[in-house]
Amino acid sequence: MAKIELSHVSKRYPNQALPAVADLSLDVGDGELLVLLGPSGCGKTTTLRMLAGFERPESGTIRIGDEVVANGSAWVPPERRGVGIVFQDYALFPHLTVTQNVAFGILRLPRRERAERVAAVLDAVNLAEYAGRYPHELSGGQQQRVALARALAPQPRVLLLDEPFSNLDPELRIALRYEVRSIVRRSGITTVLVTHDQGEAFALADRVAVMHQGHVHQLADPETLYRRPASRFVASFVGRAQFITGRVCDDQVHTELGAFQVQAHLPCGAPAEALLRPDDLHIQPDREGAGLVVEREFGGATVRYGVRLPSEHVIDVIQPSGHLIPLDSTVRIEVLPRDPVVFPAP
Ligand code: ADP
């Protein structure tokens, strides 16, 4: 186990106008599971590859534990960094059994210790009874668990996972992510996982670093990212963001759904927008209400309503499906959070 620290790390590939990673700083605590989340091309994989030692940063410092593994003068090669890696395309050796695949990285150990280690990690990923099989005799999820066992066998200081579920079908992805989370938790290993899938990030992470164009926009726990996003980009990338516009007066933005406190100072009269998630709103039939239900989508546990405001703006409201509200109902709209995040209008 070890903490990880990246400090002012930059990386530009040859012949590229923009850096893939630009002045990026972040830390991962001992035993923490950090997720790098962001759209394709934002620099997640490059960051992971620099941690692994497959890419050299142009500037900045990378520390694993107390050791500087990369900076202007120091360089520790991948095989001496003590990292275990799982890629999206399992990359198992097709001609080796599960046991042989898992043992591959620990061939230097005495035979008996090696066998014990392999048995222990296969047990940890619930594949003990598949030890003698070949990769083609396993499902995609099982193959990915073998890849995880192989990465864990050398007892690395940190575990790096690059889109480990992206080649699996949706149901398996969800099952496997809980499994991976519990394996990683039990082993207590410091882990960095890369994904572009917000649901996956929220389900797995202690904290999430939201990346965009080589920068970290915000590094926080999932709830903070969802409720208190630091930028419009983060607000829109994690969950459904809708903004209700208004004008600032006396440190409040006045909108058709009420007045909300402005967190940073904005001049009187400035246009601003309050972030309202669909689950931040509650509607109730009321003849005097200002909203009209113009859409209804039954989703099982919850229903999504499209509610038209006096301005003609239609906002989404999601609430439990226990009491369905008919289409064309006039409704009162309640904003649940007292202090939604307010951004200056773009
Ligand atoms: P992500 O993992 O978030 O999709 P990457 O780290 O793979 O992003 O890529 C970041 C940027 O660097 C992208 O613009 C990508 O095109 C570029 N890039 C990645 N790898 C290379 C490479 N080997 N050579 C040149 N450009 C690259």
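Preceding block: the structure.
Residues numbered from 1 in each chain as written. Predicted model: local features only at pLDDT ≥ 70, side-chain atom pairs only at ≥ 80, totals over all residues. Heavy atoms only, no water.

1. Details of helix α5 (residues 170–187)
Formally: Counting from the N terminus, the helices are DSSP H or I runs at least four residues long and the strands are E runs at least two residues long. Helices are assigned an expected span. That span is 1.5 Å times one less than the residue count. Residue burial is assigned from relative accessible area. The probe radius is 1.4 Å, only protein chains are included, and a residue is buried under 20% of its type maximum, exposed over 50%, and partly exposed in between. In this description, the arc belongs to the directions extending from the helix axis to the C-beta atoms. Contacts are assigned to residue pairs that have any heavy atoms within 4.5 Å of one another.
The end-to-end C-alpha distance of α5 is 26 Å, a good match for the 26 Å that 18 residues give at a rise of 1.5 Å each. Along α5, the residues that are buried comprise R173, L176, R177, V180, I183 and V184. Looking straight down α5, one finds that the buried residues subtend no more than 135° of arc, so they occupy a single side. For α5, the exposed residues set more than 90 degrees away from the buried face come down to E171 and R186. On the buried face of α5, the contacting elements are β3 (33–37), α3 (111–124), α4 (140–152), β7 (158–162), β8 (190–195) and α6 (198–204). Just beyond α5, the residue with positive phi is G188, at close to 65°.

2. Quick look at the environment of N167
Within the secondary structure, N167 is located in the loop between β7 and α5. Given the relative accessible area of 43%, N167 is considered partly exposed. Counting along the chain gives 23 residues from N167 to Q144, while the straight-line C-alpha distance between them is 9.5 Å.

3. Examining the site of the ligand
Spelled out, the test is: If a single non-hydrogen atom of a residue is within 4 Å of a molecule or strand, that residue counts as near it. Polar contacts here mean pairs of N or O atoms no more than 3.5 Å apart (in protein, one a potential hydrogen donor and the other a potential acceptor; neighbouring residues in sequence count only if both atoms are side-chain atoms). Here the Shrake-Rupley method, with its probe set to 1.4 Å, supplies the accessible areas, and only the displayed protein chains count as covering residues. Three categories are distinguished: nonpolar for Ala, Val, Leu, Ile, Met, Phe, Trp, Tyr, Cys and Pro, charged for Asp, Glu, Lys and Arg, and polar for the others, with Gly belonging to the last.
Around the ligand, the structure places Y13, Q16, A20, P39, S40, G41, C42, G43, K44, T45 and T46. Within the backbone of G43, one N or O atom sits 3.1 Å away from an oxygen atom of the ligand. Here an oxygen atom of the ligand and a side-chain polar atom of T45 are 2.7 Å apart. In the complex, 61% of the free accessible area of the ligand, which totals 560 Å², lies under the protein chains. The class makeup of the residues in the shell around the ligand is 4 nonpolar, 6 polar and 1 charged.

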